Amino acid sequence: MEIRLERADMVILASAHNPSIISPQWLKENHLITEEPKQFVHTPDFSLFDSDSLSLIADRLRLQITAKKHDDVTLKSLVGIGKGYIELLPHIPYRALGINFVWLIEGEHLPKININIGSTANISSILTEHELNYGCVIYARREPYLLKLTIEPRGESTLTYNFNYHHEVTGLDADIIIEYVNNFMNLFKYSQEVLEKFAGRKRK
């Protein structure tokens, strides 16, 4: 059984991002991204920066930073971009912060998902003449975030585990939001630990 990270990103929602400032030159001058872009778009309403290891997309309501490589250096660079952006623009009316990881468990013997609805333990007795694959959605609150964990089958030999750590940040000082951003690597490691437990692995 193999566990691997498929996606890692950070989403910063606000009432008034300004995509027009997010140019390759601005990113480099402010030490957010020093890599050269493979492609970029720079307009008043939408900006895109895409390099070998990172992708940044911004419109007026949403800034998304995605790690295209999943090594520690790239993940920590992602954190630095989010932190640096908020430090440079502390007065933007930020609304929410999402920290997201999509993991895959692949193999012949996947973790089993059993679902009971009311007194019904055998779903196939209700959805007769259907071939069933099970997934689930779990909500788990722990301050300062609400974790939405979505587990879905992908074919016969893969389960996807989508961790969304949603932070409400409306009205919070920039310093507090930066603390949440800085927790990215801890949440990354925590999601990995959860996956290993689901897969029945013991950490050394």
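Residues numbered from 1 in each chain as written. Predicted model: local features only at pLDDT ≥ 70, side-chain atom pairs only at ≥ 80, totals over all residues. Heavy atoms only, no water.

Enquirer: Got a sec to walk through the packing of aromatic side chains? Specific residues and values, please.
Expert: Geometrically, a pair of aromatic rings is defined through the distance of the ring centres and the angle of the planes. Tallied over the full model, the rule gives eight aromatic pairs. Relative to Tyr-85, the ring of Trp-26 lies with its centre 6.5 Å away and its plane at 80°, an arrangement referred to as edge-to-face. Residue Trp-26 is found in helix α1 (residues 24-29), and its partner Tyr-85 is found in helix α2 (residues 72-88); the two are separated by 59 residues along the sequence. Using a relative accessible area of 3% as the deciding quantity, one classes Tyr-85 as buried. One aromatic cluster in this structure is built from Phe-101, Trp-103, Tyr-145, Phe-163, Tyr-165, Phe-184 and Phe-188. The lysine or arginine in question, Arg-142, covers the ring of Tyr-190, its NZ or CZ lying 5.2 Å from the ring centre. (Phe/Tyr/Trp six-rings, centres within 6.5 Å; stacked < 30°, edge-to-face > 60°. Helix = DSSP H or I, 4+ residues; strand = E, 2+ residues; numbered from the N terminus. Buried < 20%, exposed > 50% of the residue type's maximum accessible area, 1.4 Å probe, protein only. Lys NZ or Arg CZ within 6 Å of the ring centre and 35° of its normal.)

Enquirer: Kindly report on the sheet that holds strand β2 (residues 39-42), identifying the contributing residues and their values.
Expert: Pairing is antiparallel across the open sheet formed by nine strands, whose spatial order is β2-β3-β4-β5-β1-β6-β9-β8-β7. The sheet is open, and its two edges are formed by β2 and β7 (136-142), each paired on a single side. For this sheet, the mean angle separating the axes of adjacent strands, direction not counted, is 15°. Bridging between strand β1 (residues 2-14) and strand β6 (residues 94-106) involves twelve bridges; their strand directions are antiparallel. Within β6, the position partnered with Glu-2 by the bridge is Glu-106. Packing against the sheet, helix α3 (residues 174-182) makes contact with β1, β6 and β9 (158-168), and its axis sits at approximately 5° to β6. Relative to the sheet, helix α4 (residues 184-198) contacts β1, β6, β8 (145-153) and β9, its axis offset from that of β6 by approximately 35°. (Pairing = 2+ DSSP bridges. Axes fitted to C-alpha atoms, helices over the stretch in contact; angles between N-to-C directions. Contact = heavy atoms within 4.5 Å.)

Enquirer: Kindly report on α3, identifying the contributing residues and their values.
Expert: Regarding α3, the residues found buried are Ala-174, Ile-177, Ile-178, Tyr-180 and Val-181. Down the axis of α3, the buried set is contained in an arc of 155°. They therefore lie on one face. Exposed side of α3, more than 90 degrees from the buried face: Asp-175 and Glu-179 are the residues found there. Where α3 is buried, its residues meet β1, α2, β6, β9 and α4. (Arc of directions from axis to C-beta.)

Enquirer: Give a description of the nonpolar core that names residues and reports values.
Expert: One finds Leu-56, Phe-101, Phe-163 and Phe-184 to be the most contacted residues of the largest nonpolar core, which totals 54 residues. Residues contacting Leu-56, with those up to four places away along its chain left out, are Ile-22, Leu-27, Ile-33, Ser-47, Leu-48, Phe-49, Leu-63, Gln-64, Ile-65 and Ile-81. (Core = buried A, V, L, I, M, F, W, Y, C linked by side-chain atoms within 4.5 Å.)

Enquirer: Go over unusual backbone geometry, please, and point to the residues and values.
Expert: A cis amide bond links Glu-143 with the next residue in sequence, Pro-144, at an omega value of 15°. Positionally, Pro-144 belongs in the loop between β7 and β8. Even without a glycine there, the phi angle at His-31 is positive, about 60°. Following the sequence through the fold, His-31 ends up in the loop between α1 and β2. Phi at Glu-129 is positive, roughly 60°, even though this residue is not glycine. As for its placement among the helices and strands, Glu-129 is situated in the loop between β6 and β7.

Enquirer: How would you explain the environment of Glu-108 if you had to name every residue and give the values?
Expert: For Glu-108, the location among the structural elements is in the loop between β6 and β7. Accessibility expressed as a relative area gives 76% for Glu-108, which makes it exposed.

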